[in-house]
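# Residue-level structural notes
The lines below spell out each chain.
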Number of protein chains: 4
Amino acid sequence: MKIHVGIVGYRGYSGAEAVRILSKHKHIEVFLMEHRQDAEHRPEPLGGQPVQRIACTVDAAVSNGIHAVLLATPPDVSIALTKDLLPKGIKVVDLSGAFRLKSAETFTRWYKEDHHAPELFADAVYGLPEFYRDAIVGKQLISNPGCYPTAANLAIRPLVAAGVVDPSKGIICDAKSGVSGAGRKPTLKTMFSEVAENFNVYSVLNHRHVPEIFMNSGIAQDEISFTAHLLPIHRGILETIYFRTKGNPDANRILEVYQAAYANEPFVRLYEPGKLPDIQSAVRTNFCDIGFQLDAASGRLVVVSVIDNLVKGAAGQAIQNLNLISGFAETEGLL
Amino acid sequence: MKIHVGIVGYRGYSGAEAVRILSKHKHIEVFLMEHRQDAEHRPEPLGGQPVQRIACTVDAAVSNGIHAVLLATPPDVSIALTKDLLPKGIKVVDLSGAFRLKSAETFTRWYKEDHHAPELFADAVYGLPEFYRDAIVGKQLISNPGCYPTAANLAIRPLVAAGVVDPSKGIICDAKSGVSGAGRKPTLKTMFSEVAENFNVYSVLNHRHVPEIFMNSGIAQDEISFTAHLLPIHRGILETIYFRTKGNPDANRILEVYQAAYANEPFVRLYEPGKLPDIQSAVRTNFCDIGFQLDAASGRLVVVSVIDNLVKGAAGQAIQNLNLISGFAETEGLL
Amino acid sequence: MKIHVGIVGYRGYSGAEAVRILSKHKHIEVFLMEHRQDAEHRPEPLGGQPVQRIACTVDAAVSNGIHAVLLATPPDVSIALTKDLLPKGIKVVDLSGAFRLKSAETFTRWYKEDHHAPELFADAVYGLPEFYRDAIVGKQLISNPGCYPTAANLAIRPLVAAGVVDPSKGIICDAKSGVSGAGRKPTLKTMFSEVAENFNVYSVLNHRHVPEIFMNSGIAQDEISFTAHLLPIHRGILETIYFRTKGNPDANRILEVYQAAYANEPFVRLYEPGKLPDIQSAVRTNFCDIGFQLDAASGRLVVVSVIDNLVKGAAGQAIQNLNLISGFAETEGLL
Amino acid sequence: MKIHVGIVGYRGYSGAEAVRILSKHKHIEVFLMEHRQDAEHRPEPLGGQPVQRIACTVDAAVSNGIHAVLLATPPDVSIALTKDLLPKGIKVVDLSGAFRLKSAETFTRWYKEDHHAPELFADAVYGLPEFYRDAIVGKQLISNPGCYPTAANLAIRPLVAAGVVDPSKGIICDAKSGVSGAGRKPTLKTMFSEVAENFNVYSVLNHRHVPEIFMNSGIAQDEISFTAHLLPIHRGILETIYFRTKGNPDANRILEVYQAAYANEPFVRLYEPGKLPDIQSAVRTNFCDIGFQLDAASGRLVVVSVIDNLVKGAAGQAIQNLNLISGFAETEGLL
């Protein structure tokens, strides 16, 4: 017996990835919720799997027995849909930034738009299972983390919490992302001829993902310098993160801190000191891969954190959260 | 003393390439004609070269002493501007397909739109200098050839004219182009995430460049099968063209036919039998590079023709034509 | 209870793909057979799955209870290993071209090397299940088809067999492949800086995959013109195949021919007339996707056949064969 | 009357770029010096420009009247050739790291190999014209800077010299390079299938270019943290450099510092505060493009420095040096 899960925004890259992952999930049947028509399709073979398509309305969700909905939509759409779905008892995992920043005021400061359902912040939990698993289980509204903060927080927070780095000396997160992070809507900046054989910095210090980092990794806003770059690849994020250590830890100590934090985590993988993952290490998986190199003499520590922005950075983590709130094994469909 | 040349559509890939080439032309000063505002620019360094910008009007053209205009615009825009410019004695090199097909009826059949200045066909000459140089010199309106037909016609016509191939047995032109051929307007099909790590056929048998091929290479419409594919590269066209020979020519005979046709041509380069150019052979040049391999026993001949779609396939050839109609050396600015 | 399957050449692209696919196979446990040491590894996370590694010897195979071996090796290595493994009752699926061409003489003509076990041709069957399933079941030595011939034969043979095309008028197969088809050994031709932003023809008429095509699709050698191009992508093959029809079939008739041939085939997918697959349609799947466009008036038919060269063109098809000779469901691990 | 210039290593990417640039130089005739035969060529059209080829020996250089030699070779080859050429009065611009680090001891520490001509350090000058122009003019042996240090030093030194940044708080240089920086010798790491759709960190803190940075920008070794990444592009370097300011400069003050340093420099271009160059800004030019963004409140300054690694990072700068030591205009052939 499968539960019914609706997906809104299934033509976007994150939404399509969710459909792909869920097609192998043992306990879930997918319903595509038609939020808007989009004429441009890829060609489809004859005789493919029948797909359930329903209207993107609360009535359709109720009458089709939808248990939970994944929203791969912009914040304003997510807010409007969430307001309607929650009162019907339908669970929501929202992939937008609508509910990540704890208050409408903070949201507006970083997203430069109003928030039309501030009352929902009280119901939302930030869906980074490695940090907040207990709070996620049993919740009805999960705010799925941003792609950059997922890779950054998993790398930063254990070191800060263990006191082996000194955030007051500054943490530099130099982040590089594939183009799919910018969405599927055609823009000049994401055209092949602009991206290929090129590389650029597109956000310095003021990216709207920045507050998600300092709010969840135990540091102050000015302690993190975050820069986002656009890689000429489709998917994947690699972040090079620079720390100054505290208390002269050696490489084994750094590794122990990470191992203690992630000993039982199915989706965080560590590397021995001096071995570094590359983007292909994590692409098409729900893993966050973390490696580092330490210059103990000078106290400089460089950590490399890699995820697939469409999986652990979006759809995969959303399904990880969906599993948690639905009572399934957390890894179902994701290994 | 330089002549003044206006460029309309200078933000597109072909127009920008024309600006780049003309910046090194000894006898031409460029005027950017502002046909429409487009907010998205790349960052520009401080203190760059001053650029002449004028309105895209006949009055502005006249008052700035414009001698000739390059139109890197869609057919309807080209038609409207040409109608206004010619009566003022201003020469026009049009990069659109507006005047390539000899009649409004043929234009409408292939371009699926009306033609609002059929009277101008009488004034236009097809600007493939290797075939029509004498007709180009002295003309006021040059219809610059399409990118695919340039590579195809230069490869096909000499063989047909010399009688060493048999068009009645079919000529297959399997063409592959970089993404810049689709223009700079953002579309889903030209986004990085759709094009990279992909390859597709986007036009089979009915591409609107097809009539330019059979009308200029001495063959019948049904003798040419043309297919267009989209390569995950920015610029360059490679066409693999399949012939059946006539009269049992050997490889030397094929080479002689090409050498006789292009002995004095500065922009066609030949390769010894069995050596084939690749796209990088011609990228960023105004050359058309032609190589071939013959299986004499079975009479099968495969010709490979390569150009840069933005140079010999657009801006470079337009400047070659501009040189011819302005009395400059044909190669000025192009070697 | 799982059977033990050895993989030789598991560091190459095809071999690694086989390991990846088999890691999800219900009935197979993989043993990596160390044919040669290669120092260059990608970084590996700590605590990964334990992998069974054994020597690449018949003794090691026997003592580890190996039931079948996949050979992702060059022809000479495949021949030497096959000679040793078969007498021990171990099944072999060979991904090289060693046993595809029916005789040592034909092998030597196309591969330009001697064949040191001509006696094995009698035992080998060409492993294209869609054509030769009955002969494959129960065999001990399967010669896995080449990547290009797989896409070509599946597109050509049904049309020829049904008499709707005229091979005597020539069949042109213009094939384009990703770089992984050239293997993982570093060469100048496969370096990033030579391949990116480039495209070339690397084999005209005489590719060693040509005989696999005419020997398995019911046509004569001179009826097929095959050209291979190198795409700047990692994986995937698209072949554009040009036919002249016979008997004036319309598009529905062509579709019916394909549907009749592949009605019960799990790994061939068809498209409605005029819809064409692109490379991403088939990448990371074991499908061969076939679409076509017909110009009925002139009798010109263009078929587009797409596979992933590492899956249906190599490892996936090898596992399809492995399933058949081992008595598993043919699709196990492959959907 | 042209001077004769020999190029050793002309088949490598930097050497080939030097040949390309010099083909348009008014005062130089190129002689290709055959250091070693390499069978793999790209196809060449018939009737191309005749090229002067001579043996790579001192005798050949002398008898052909060679005035200067560009060495695009590994350090050991450069050292051996330089020892022979200098006594004959032939000038040398060496693109390797052989003479950049001021002493054999420092060379050996970073390059992990012996230096067989330590006596030549006294004759060598570090060829970064923007800093050392006066010392370069008149010298016989120029040590052309590394690609990474060129972009880093031009960005760092003026800020340090003006006292607007505090190096003691650490300078992070996160550098990203195209694949051509790794040379043309085939390796697994530079194969298309390993690089495309990937991105990795390949050197953390201990790259051999590090000493070139701190030795030429006025900082201490431990003040600079340098990391090198491999971009899936052919050419171009972008470095994101993080500083802490000193004395509360505003953005205009930072711009003034750069403008004062580079007012008369033909090959450094600046951007207004908040505008950042991307890799395509500088590719195929000899420019170093520098932009920055300042968060004045927190004193965090991010500078972006971009060059083409093959031009300003190698061949272009070598020719800039060649012009200086030969008495030509510094920009000849380079604009």
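Note: the structure precedes this text.
About the criteria used
- Residues numbered from 1 in each chain as written.
- Chains lettered and ligands numbered in written order.
- Predicted model: local features only at pLDDT ≥ 70, side-chain atom pairs only at ≥ 80, totals over all residues.
- Heavy atoms only, no water.
- Contact = heavy atoms within 4.5 Å.
- Buried area = accessible area lost by both parts, 1.4 Å probe.
- Salt bridge = Lys/Arg side-chain N within 4 Å of Asp/Glu carboxyl O.
- Polar contact = N/O pair within 3.5 Å; in protein donor to acceptor, adjacent residues only side chain to side chain.
- Helix = DSSP H or I, 4+ residues; strand = E, 2+ residues; numbered from the N terminus.
- Nonpolar A, V, L, I, M, F, W, Y, C, P; charged D, E, K, R; others polar.
- Phe/Tyr/Trp six-rings, centres within 6.5 Å; stacked < 30°, edge-to-face > 60°.
- Buried < 20%, exposed > 50% of the residue type's maximum accessible area, 1.4 Å probe, protein only.
- Axes fitted to C-alpha atoms, helices over the stretch in contact; angles between N-to-C directions.
- Parallel < 35°, antiparallel > 145°, perpendicular 65-115°, else oblique.
- Left-handed = near helix turned anticlockwise from the far one by under 90°.
- Disulfide = S-S within 2.5 Å.

Taken residue by residue, the interface counts 38 residues in chain A and 38 residues in chain D. Both faces combined, the contact of chain A with chain D buries some 3,200 Å², and carbon together with sulfur accounts for 57% of it. Three residues stand out in chain A for area buried against chain D, namely A:E197, A:F199 and A:R300, and they jointly supply 20% of the buried area on that side. Seen at the junction of chain A and chain D, the total is four salt bridges. Here A:D174 ties to D:K176 by a salt bridge, and the two come within 3.1 Å at their closest N and O atoms. Counting every contact that joins chain A to chain D gives 28 residue pairs in polar contact (both at pLDDT 80 or more). For the side of chain A that touches chain D, the secondary structure elements donating two or more residues are strand 8 (171-177), strand 9 (200-204), strand 10 (224-230), strand 11 (237-244), helix 10 (279-282), strand 13 (288-295) and strand 14 (300-307) of chain A. In terms of residue class, the side of chain A that touches chain D is made up of 16 nonpolar, 13 polar and nine charged.

The relation between two aromatic rings is expressed through the spacing of the ring centres and the mutual angle of the planes. With the rule as written, the count across this model stands at 32 aromatic pairs over all chains. Relative to A:F121, the ring of A:F99 lies with its centre 5.9 Å away and its plane at 70°, an arrangement referred to as edge-to-face. With A:F99 in the loop between strand 5 (91-94) and helix 4 (104-111) and A:F121 in the loop between helix 4 and strand 6 (124-126), the pair connects residues that are 22 residues apart, well separated along the chain. Of the two residues, A:F99 and A:F121, neither departs from the other in class, the shared state being buried. Geometrically, the ring pair formed by B:Y148 and B:F226 is edge-to-face, given 5.1 Å between the ring centres and 70° between the ring planes. Here B:Y148, found in helix 6 (residues 147-162), pairs with B:F226, found in strand 10 (residues 224-230); they are 78 residues apart in sequence, far enough to count as distant.

Okay, the packing of helix 6 (residues 147-161) of chain A against helix 8 (residues 210-217) of chain A next. When two helices pack together, their arrangement is captured by the angle between the axes and the distance separating the axes. All names here are of chain A. Running from N to C, helix 6 and helix 8 point in directions that differ by 25°, and their axes come no closer than 9 Å. Put simply, helix 6 runs roughly parallel to helix 8. Of the two possible hands of crossing, helix 6 and helix 8 adopt the one that is right-handed. Contacts between helix 6 and helix 8 involve P149, A152, N153, I156, R157 and V160 from the former and E212, I213, N216 and S217 from the latter.

As enumerated under the stated definition, the model contains zero disulfides over all chains in all. Of the cysteine sulfurs around A:C147, a residue in no disulfide, the closest is that of A:C173, at 11 Å. With no disulfide partner, B:C288 has as its closest neighbouring cysteine sulfur the one in B:C173, 11 Å distant.

Next up on the list: the interface of chain C and chain D. Every contact between the two is made by 23 residues of chain C and, on the other side, 23 residues of chain D. A combined buried area of about 1,900 Å² lies between chain C and chain D, and 59% of that area is made up of carbon and sulfur atoms. One can count two salt bridges joining chain C with chain D. As a salt-bridge pair, C:E194 and D:R184 come within 3.3 Å of each other at their nearest N and O atoms. Remark: the boundary between chain C and chain D carries eight residue pairs in polar contact (both at pLDDT 80 or more).

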